[in-house]
Amino acid sequence: MNLILRKQGLPVWLLFPTTFLLLIVFPSQAIAQCFDYDSLDMKNRRQVYCPLVTDFKSSLEKQEKLLTVANSTNMFELILNWDMNDDNTCKKVRNAFVTAGKIITTTLILTSPIIVKATFSDFCELEGECSSLNGYLTLGGAIPARSILIQDLDGKQRLYPQALVKQFGYNTHQEFKAYDIFAEFNSKINFWFDSDPNPIKATQIDFLSVIVHELMHGLGFFSGWSNYLGDETEALIPYPIYILKNGCSQFIEMAFDQYMIVIPQNRNVTSYTDILNKFSTNSCTGFSSLKSFRNAFEKSPQYETAKTMYKHSITKNSLGFLPRGKKDIKDALILETGLGTYQQGSSIGHVDYQTYTNSSDFLMRFMQDDCVSLQDAILAGGNYKGGAIGPKLKMVLETLGYATQDNPNPYRPPPSTPPPLNSFNVSSSAISYKLLEGSSFHWFKISFMLLGWFSSQILRL
């Protein structure tokens, strides 16, 4: 998604390009209910077998855990892989993560630690990403390490980030991955840290602001709607899964998408997903490639709905996030749809830049001013008592299912086990699938494009 910073009138871009995969699951296998990332390379997104597990804890053990949680000021744990001989920078990176964890823990009531696996390494040496013709340089990125398919009260299955599912406290749940959020950072970037002796410079990026923004996406602030059929296609759909048992496609929303609305109509976007899920071929015999899937879909009546969603994504003030229990569209968080064209990673998955600049809900804009620390941005937004997590962002997190002092018992999907997407029995063997290249899925990448005298930098969230 695109996040633009400004320095003395010069735009600084935070870009979130997206890639994803249409999955074909073969008849001998069942659809797993978990999706994993092992790196920031979206081609490594895997559909995995995650069996049900039960936590056997005594009442005393549960009470001891709650007491420990209540006394904790930071519920985030960091697994940091480091390839530099610079202990001072390593210490500053760790301290920044601790500060970010404390900021979020102050707002949310977290009952289970959130584990972030991060690397701080030289992208040029390890990945060959040193510079490019367009002047972009990757800062780093973060994504949910696992998403879990859960059935909501409306009967629809949606993908929830593991970090959120862990807070639900289910005794029986899909097996969790060892960590909740995966992140990478480029050690060659000139980051500014709170502990630095001098104020932030025009050529520096505030590392703390980057982390807090990132972790919001890792906690669930992102939409599954994207132009999976190709950048040249003016049509948006949710995450597509294609099952070979009956040859019919299914479109799966993220947890965030359940609360998206078309503001002028006060219409829930899930109604569009319902229309799209009526799509199938006459014989439902299957698609051999993404191209055949796309050709069939473009000839279907449901394609008009995908085109309509695209129009909403480029019409200012068209889409919003309406918190659970709210009816008045004035309560909606306005999402970014004013960029003129659909920009993967910037459109929809951030708040409206114009509306929330210099406001308490500045954090999730796709643009921000460069040479500004997180505290500077908080003060410019009115010095909100909640700090970096503004009131509307806090309501988004509560709506997704995170508890706060103001809302200690938010909605959470029931702890029932939804059936897999098809009717096959899940075996203990690994899931076999085919990836159809060319489709896409949101991952979160922020880029800083400093025009003129110094080159652009990209941060993937």
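Scroll up to find the structure.
Everything in this summary refers to the structure shown in the same document. (Residues numbered from 1 in each chain as written. Predicted model: local features only at pLDDT ≥ 70, side-chain atom pairs only at ≥ 80, totals over all residues. Heavy atoms only, no water.)

What to know about the overall build of the protein chain
Piece 1. Each helix and strand counted, the protein chain has 11 helices and 27 strands in total.
Piece 2. Out of the 461 residues belonging to the protein chain, those deemed buried represent 58%.
Piece 3. Taking contacts inside the protein chain between residues at least 6 apart in sequence as the whole, the part at least 24 apart equals 72%.
Piece 4. Looking at the protein chain as shown, the accessible area adds up to about 18500 Å², and 51% of this sits on carbon and sulfur atoms. (Helix = DSSP H or I, 4+ residues; strand = E, 2+ residues; numbered from the N terminus. Buried < 20%, exposed > 50% of the residue type's maximum accessible area, 1.4 Å probe, protein only. Contact = heavy atoms within 4.5 Å. Areas by Shrake-Rupley, 256 points an atom, 1.4 Å probe, with all protein chains shown as cover.)

Section: the pattern of salt bridges
Piece 1. Under the definition given, this model contains 15 salt bridges.
Piece 2. For Asp36, the salt bridge goes to Arg146, with nearest N and O atoms at 2.6 Å. A residue pair is termed long-range when its members are at least 10 positions apart, and Asp36 in strand β4 (residues 34–36) and Arg146 in strand β11 (residues 146–151) qualify at 110 residues.
Piece 3. The exposure class of Asp36 is buried, given its relative accessible area of 2%. (Salt bridge = Lys/Arg side-chain N within 4 Å of Asp/Glu carboxyl O.)

What about the nonpolar core?
Most often, soluble globular proteins keep nonpolar side chains buried together rather than apart.
Piece 1. In terms of nonpolar packing, the biggest core is built from 102 residues, with Phe207, Met216, Leu219, Trp225, Met260, Phe297 and Tyr402 touching the most fellow members.
Piece 2. Sequence-distant contacts of Met216, defined by excluding residues within four places in its chain, comprise Ile104, Phe221, Leu363, Met364, Ile389, Leu393 and Leu397.
Piece 3. In terms of nonpolar packing, the next biggest core, distinct from the first, is built from 6 residues, Ile115, Ile143, Ala145 and Phe182 among them. (Core = buried A, V, L, I, M, F, W, Y, C linked by side-chain atoms within 4.5 Å.)

Describing helix α5 (residues 207–219)
Piece 1. For α5, spanning 13 residues, the distance from its first C-alpha to its last is 18 Å, which sits close to the expected 18 Å at 1.5 Å a residue.
Piece 2. Within α5, 13 of the 13 residues are buried, which leaves the element mostly enclosed by the surrounding structure.
Piece 3. Note on α5: the residue one or two positions beyond its end, Gly220, has a positive phi of about 130°. (Expected span 1.5 Å × (residues − 1).)

A closer look at the state of the cysteines
Piece 1. Within the structure shown, the criterion is met by 1 disulfide.
Piece 2. In this model, Cys34 is linked to Cys50 through a disulfide, with the two sulfur atoms separated by 2.0 Å. What sets the handedness of the Cys34 and Cys50 disulfide is the S-S torsion sign, and at about 95° it is right-handed. Here the residue Cys34 occupies a position in strand β4, and Cys50 occupies one in the loop between β5 (46–48) and β6 (52–54), the gap between them amounting to 16 residues.
Piece 3. In this structure Cys34 comes out as buried when scored by relative accessible area, which is 0%. (Disulfide = S-S within 2.5 Å.)

Looking at the sheet that holds strand β21 (residues 319–321)
Piece 1. Within the open sheet, the 4 strands sit side by side as β20-β19-β21-β22. Their pairing is antiparallel. Both edges of this open sheet fall to β20 (267–268) and β22 (333–334), since each of them pairs with a single strand only.
Piece 2. Two elements, strand β19 (residues 260–262) and β20, share 2 bridges in a ladder whose sense is antiparallel. Directly across from Ile261, in β20, lies its bridge partner Asn268. (Pairing = 2+ DSSP bridges.)

A look at the packing of aromatic side chains
Piece 1. Across all of its chains, the model carries 22 aromatic pairs by this definition.
Piece 2. The interplanar angle of 50° and the centroid separation of 5.5 Å between the aromatic rings of Phe168 and Tyr170 together place this pair among those described as tilted.
Piece 3. The exposure class of Phe168 is buried, given its relative accessible area of 9%.
Piece 4. Exposure remark for Tyr170: the relative accessible area of 14% places this residue in the buried category.
Piece 5. Just above the ring of Tyr411 sits the side chain of Arg324; from NZ or CZ to the centre is 3.7 Å. (Phe/Tyr/Trp six-rings, centres within 6.5 Å; stacked < 30°, edge-to-face > 60°. Lys NZ or Arg CZ within 6 Å of the ring centre and 35° of its normal.)

Considering the side chain of Ser223
Piece 1. The topology assignment puts Ser223 in the loop between α5 and β17 (239–243).
Piece 2. A relative accessible area of 0% means that Ser223 is categorised as buried.

Some thoughts on the environment of Asn227
Piece 1. Looking at the element boundaries, Asn227 is found in the loop between α5 and β17.
Piece 2. Asn227 gets classed as buried once you look at its relative accessible area, which sits at 3%.
Piece 3. A C-alpha to C-alpha distance of 9.3 Å links Asn227 and Gln343, two positions 116 residues apart in sequence.
Piece 4. Looking at Asn227, its side chain comes within polar contact range of the side chain of Ser226, at 3.3 Å. (Polar contact = N/O pair within 3.5 Å; in protein donor to acceptor, adjacent residues only side chain to side chain.)

Some details on the pairing of strand β14 (residues 181–186)
Piece 1. Most of β14 sits inside the fold, with 6 of its 6 residues counted as buried.
Piece 2. Of the two faces of β14, the one carrying Ile181, Ala183 and Phe185 and the one carrying Phe182, Glu184 and Asn186 are both buried.
Piece 3. Sheet topology places strand β9 (residues 114–121) next to β14; 6 bridges connect them, and they run parallel. Among the inter-strand pairings, Lys117 is bridged to a residue of β14, identified as Phe182.

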